[in-house]
Amino acid sequence: MREVFPSDLTAAARHLLAVPHDLREDVCAQLLREADWADKFAKRMGKPHPRWGNGTLMAVSRTRQMMPEKSFSDREYALCFAVILQCLQRHRAGKACKSQLHAHMKN
């Protein structure tokens, strides 16, 4: 996945607003996986993935239903941002574990 900017988080939060509470973490994890896959595709093929775009979280989020942007005084919108940040941390931690495993296997 390409570098994550505030605009990526906003796009993902706007999508998560349309998702039931109990599915938000799973949907967020799927967004991150698809952004990873799209980025790998774009690097290999030299063009954006036909469905998921250029490997940004924003591009993947825009392929789904998006609600209007809200302010952080909107509780649901703020919760969606929190879900995204937590999922992003877990996603990055998982990638770090995998890269350490692969480095260990090369020795």
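In what follows, the structure referred to is the one given above.
Summarised in this report is the structure supplied together with it. As the structure is a computational prediction, the values presented were derived from the model and not from experiment.

1. Structural notes on the overall build of the chain
For step 1, the next point in the chain: The number of helices and strands found in the chain is four helices and zero strands.
For step 2, the next point in the chain: In sequence order, the chain lays out its α and β elements as α-α-α-α.
For step 3, the next point in the chain: Residues counted as buried form 36% of the 107 residues belonging to the chain.
For step 4, the next point in the chain: In the chain, of all internal contacts separated by at least 6 residues, the share reaching a separation of at least 24 is 69%.
For step 5, the next point in the chain: Summing over all exposed atoms, the chain offers an accessible surface of approximately 6,900 Å²; the carbon and sulfur share of this is 55%.

2. Some thoughts on the side chain of Thr-10
For step 1, the next point in the chain: In this structure, Thr-10 sits in helix H1 (residues 6-16).
For step 2, the next point in the chain: Sequence-distant contacts of Thr-10, that is, excluding residues within four places in its chain, are made with Glu-69, Tyr-77 and Phe-81.

3. Details of the side chain of Thr-56
For step 1, the next point in the chain: Looking at the element boundaries, Thr-56 is found in the loop between helix H2 (24-45) and helix H3 (57-61).
For step 2, the next point in the chain: When sequence neighbours within four positions are dropped, the list of residues in contact with Thr-56 reads Arg-2, Asp-8 and Ala-35.

4. Side note on the state of the cysteines
Think of a disulfide as a covalent bridge from one cysteine sulfur atom to another cysteine sulfur atom.
For step 1, the next point in the chain: As enumerated under the stated definition, the model contains zero disulfides in all.
For step 2, the next point in the chain: Distance from the sulfur of Cys-80, which forms no disulfide, to the nearest cysteine sulfur (Cys-28) is 9.3 Å.
For step 3, the next point in the chain: The cysteine Cys-87 is free of any disulfide, with Cys-28 supplying the nearest cysteine sulfur at 3.6 Å.

5. As for H2
For step 1, the next point in the chain: The terminal C-alpha atoms of H2 lie 31 Å apart, and with 22 residues this matches the ideal 32 Å at 1.5 Å per residue to within 8%.
For step 2, the next point in the chain: Arg-24, Cys-28, Leu-31, Leu-32, Glu-34, Ala-35, Asp-36, Ala-38, Asp-39 and Ala-42 are the residues of H2 that are buried.
For step 3, the next point in the chain: Of the residues flanking the end of H2, it is Gly-46, one or two places downstream, whose phi is positive at about 75°.

6. Description of the packing of aromatic side chains
For step 1, the next point in the chain: Using the criterion set out here, one finds four aromatic pairs in the structure.
For step 2, the next point in the chain: Arranged with centres 4.8 Å apart and planes meeting at 75°, the rings of Phe-72 and Phe-81 form a pair that is edge-to-face.
For step 3, the next point in the chain: For Phe-72, a relative accessible area of 54% translates into the label exposed.
For step 4, the next point in the chain: Through a chain of ring-to-ring contacts, three or more aromatic side chains come together here, namely Phe-72, Tyr-77 and Phe-81.

Rules used in this analysis
- Residues numbered from 1 in each chain as written.
- Predicted model: local features only at pLDDT ≥ 70, side-chain atom pairs only at ≥ 80, totals over all residues.
- Heavy atoms only, no water.
- Helix = DSSP H or I, 4+ residues; strand = E, 2+ residues; numbered from the N terminus.
- Buried < 20%, exposed > 50% of the residue type's maximum accessible area, 1.4 Å probe, protein only.
- Contact = heavy atoms within 4.5 Å.
- Areas by Shrake-Rupley, 256 points an atom, 1.4 Å probe, with all protein chains shown as cover.
- Disulfide = S-S within 2.5 Å.
- Expected span 1.5 Å × (residues − 1).
- Phe/Tyr/Trp six-rings, centres within 6.5 Å; stacked < 30°, edge-to-face > 60°.

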